[in-house]
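Residue-level structure breakdown
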Amino acid sequence: MADKLIIFDTTLRDGEQSPGASMTRDEKVRIARQLERLKVDVIEAGFAASSNGDFEAVQWVANTIKDSTVCSLARANDRDIARAAEALKGAQSARIHTFIATSALHMEKKLRMTPDQVFEQAKQSVRFARNLVADVEFSPEDGYRSDPDFLCRVLEAVIAEGATTINVPDTVGYAVPELYGNFIKSLRERIPNSGKAIWSVHCHNDLGMAVANSLAGVKIGGARQVECTINGLGERAGNCSLEEVVMAVKTRRDYFGLDLGIDTRHILAASRMVSQTTGFVVQPNKAVVGANAFAHASGIHQDGVLKARDTYEIMRAEDVGWSANKIVLGKLSGRNAFKQRLQELGVQLESESEINAAFARFKELADRKAEIFDEDILALVSDESVSQDKELYGFVSLSQHSETGERPHAAVVFTSAGQEVKSESDGNGPVDASLKAIEAHVQSGAEMVLYSVNAISGSTESQGEVTVRLQNSGRVVNGTGSDPDIVVASAKAYLSALNKLQSKADRVAAQG
Ligand code: KIV
Ligand code: ZN
């Protein structure tokens with residue numbers, strides 16, 4: 001039997017660290033469920049000690065997920081580790097992931113600690129964590145740029161203390177495949193007790209090589225765990241992309257010779273869920289999950305694919321969740337069909353009342369739009385602007401007037417702490433007027449750092465999905481909204497971002 005490659009997903013932790021990608025507790029639980037459906041081996045749900053919100057998110061994921069191991073990140077100190085263990089109490093299978101920087105640069109400039117102090121703290125933290133849970137992962141942050149002799153000393157010691165997984169991060173995305181693969185190989189060869197731990201790779205994508213480096217860590221270095229995120233989400237240029245690394249190992253099993261536990265048919269739904277939740281749009285030519293990944297535009301390619309699929313296709317679109325028939329529901333579809341489609345898309349709503357509310361929104365949309373696509377359904381259930389009962393601001397209605405040669409004017413009705421308010425403004429265009437109308441009442445003072453519109457299913461009949469990124473007092477949040485009318489979608493997105501701005505507590509950054 002071939003070795004198994006463990007897939008450790010850190011979308012909810014390292015992915016979420018990307019400015020503007022922060023997620024609410026409920027969003028994290030929804031994505032964690034989809035990761036479980038995907039049969040991800042380990043879900044890193046967050047960094048419990050970073051904020052009360054993240055503690056709760058880890059706790060909820062731990063209490064919900066049954067088939068994947070749930071992990072929390074913790075800095076190498078007793079407080080963080082104890083907090084992680086507490087958040088993970090309800091998990092069927094729990095892992096604590098503790099880390100400390102080991103590169104000379106990070107130790108001296110960031111931690112202001114000597115190598116001997118770092119060595120002692122790493123050992124003591126793993127010992128402490130092992131008293132709380134059986135499954136402990138240790139990461140030497142900036143490991144790839146660390147002195148190999150010092151790294152060997154630290155890793156040998158933490159394995160002796162009981163670390164079950166050793167993860168070697170390329171924190172700043174500096175590695176190149178051959179060198180990174182050989183780096184892991186030489187650590188494993190030099191450390192006498194290396195065979196007692198599973199070796200893991202964690203690569204950032206600053207030079208666009210995160211997937212290639214991770215695969216080299218597996219092939220050359222002998223790592224048997226890859227840390228990755230859906231859509232490659234993550235700080236700066238992101239992390240190693242789960243869908244790419246998984247499909248590379250599956251498609252080139254002849255080369256890698258490794259088994260995976262992943263049910264790849266759920267990849268696309270996971271990708272869409274993460275993109276719609278964070279507002280980070282997937283580029284059309286993105287491998288595996290981009291809209292063009294399986295589209296054959298050129299005549300020669302089309303002709304070849306029609307004669308024999310494998311002339312140009314190395315993977316089957318269905319294997320990663322693309323369906324041939326994209327029109328799923330319409331005006332006459334009933335509640336059961338809607339509920340079943342939600343299940344197929346991997347969306348689990350908490351209660352019957354949530355299903356009823358989503359179904360009502362579906363009916364409302366079906367009245368305005370003849371064909372409802374999977375993308376519409378996902379947008380509909382992830383549209384935070386509709387859950388007015390839980391949020392400070394909620395969209396009610398909008399009217400706007402624009403005519404060539406006249407300055408557009410908008411009047412927006414929305415709820416603010418349960419009270420309906422109407423606010424009006426002029427603007428450069430109808431979207432600008434609508435957002436200015438909301439801001440005139442709310443006076444958040446936030447700066448808009450991104451506004452983007454995406455046609456959900458690719459035609460003018462489709463819904464517009466709008467992302468608004470706001471920044472205020474050093475915090476960056478994304479709001480998303482969707483509607484067949486892009487001015488309405490924009491107002492919803494703006495209100496959703498305002499809700500996030502006022503609801504999230506500040507958190508400690510993992511690499512801060
Ligand atoms: O990139 C990194 O070094 C990390 C560690 C915290 C594992 O994300
Ligand atoms: Zn990282």
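For the structure itself, look to the data block above.
These remarks concern the structure in this document. (Residues numbered from 1 in each chain as written. Chains lettered and ligands numbered in written order. Predicted model: local features only at pLDDT ≥ 70, side-chain atom pairs only at ≥ 80, totals over all residues. Heavy atoms only, no water.)

A few words now on the sheet that holds strand S6 (residues 135-141). Taken together, eight strands build a closed barrel; the order of strands is S2-S3-S4-S5-S6-S7-S8-S9 and the barrel is parallel. The average angle at which neighbouring strand axes cross in this sheet is 25 degrees, direction not considered. Taken together, the two bridges between strand S2 (residues 6-9) and strand S3 (residues 42-46) define a ladder with parallel strand orientation. Considered in S3, the bridge of phenylalanine 8 is made with valine 42. Its contacts with the sheet put helix H5 (residues 104-111) on strand S5 (94-101) and S6, and the angle it makes with S5 is roughly 85 degrees. (Pairing = 2+ DSSP bridges. Helix = DSSP H or I, 4+ residues; strand = E, 2+ residues; numbered from the N terminus. Axes fitted to C-alpha atoms, helices over the stretch in contact; angles between N-to-C directions. Contact = heavy atoms within 4.5 Å.)

This part takes up the environment of arginine 79. Counting through the fold element by element, arginine 79 comes out in helix H4 (residues 78-87). Take arginine 79: its relative accessible area is 52%, and that puts it in the exposed class. Along the primary structure arginine 79 and arginine 236 are separated by 157 residues, whereas in three dimensions their C-alpha atoms are 29 Å apart. (Buried < 20%, exposed > 50% of the residue type's maximum accessible area, 1.4 Å probe, protein only.)

All right, on to the sheet that holds strand S18 (residues 475-483) then. Pairing between the strands of a sheet is mediated by backbone hydrogen bonds and can be parallel or antiparallel. Across the sheet, three strands lie side by side as S16-S17-S18; this open sheet has antiparallel pairing. One side of each edge strand has no neighbouring strand; the edge strands of this open sheet are strand S16 (447-455) and S18. Between one strand axis and the next, the sheet turns through 15 degrees on average, direction left out of account. As paired elements, strand S17 (residues 464-472) and S18 share nine bridges and run antiparallel to each other. Within S18, the residue paired with valine 466 across the bridge is glycine 481. Set on the sheet, helix H18 (residues 486-503) makes contact with S16, S17 and S18; between it and S18 the angle comes to about 150 degrees.

We now examine the coordination of the zinc ion (ligand 2). In the first shell of the zinc ion (ligand 2), the protein supplies Asp14 (OD), His202 (NE2) and His204 (NE2), at 2.0 to 2.1 Å from the metal. When the donors of the zinc ion (ligand 2) are listed by position in the chain, the intervening gaps give D-x187-H-x1-H. Residue aspartate 14 is located in helix H1 (residues 11-15), and its partner histidine 204 is located in the loop between strand S8 (198-203) and helix H9 (210-219); the two are separated by 190 residues in the primary sequence. (Donors = N, O, S within 2.8 Å, 3.2 Å for Na, K, Ca; no water.)

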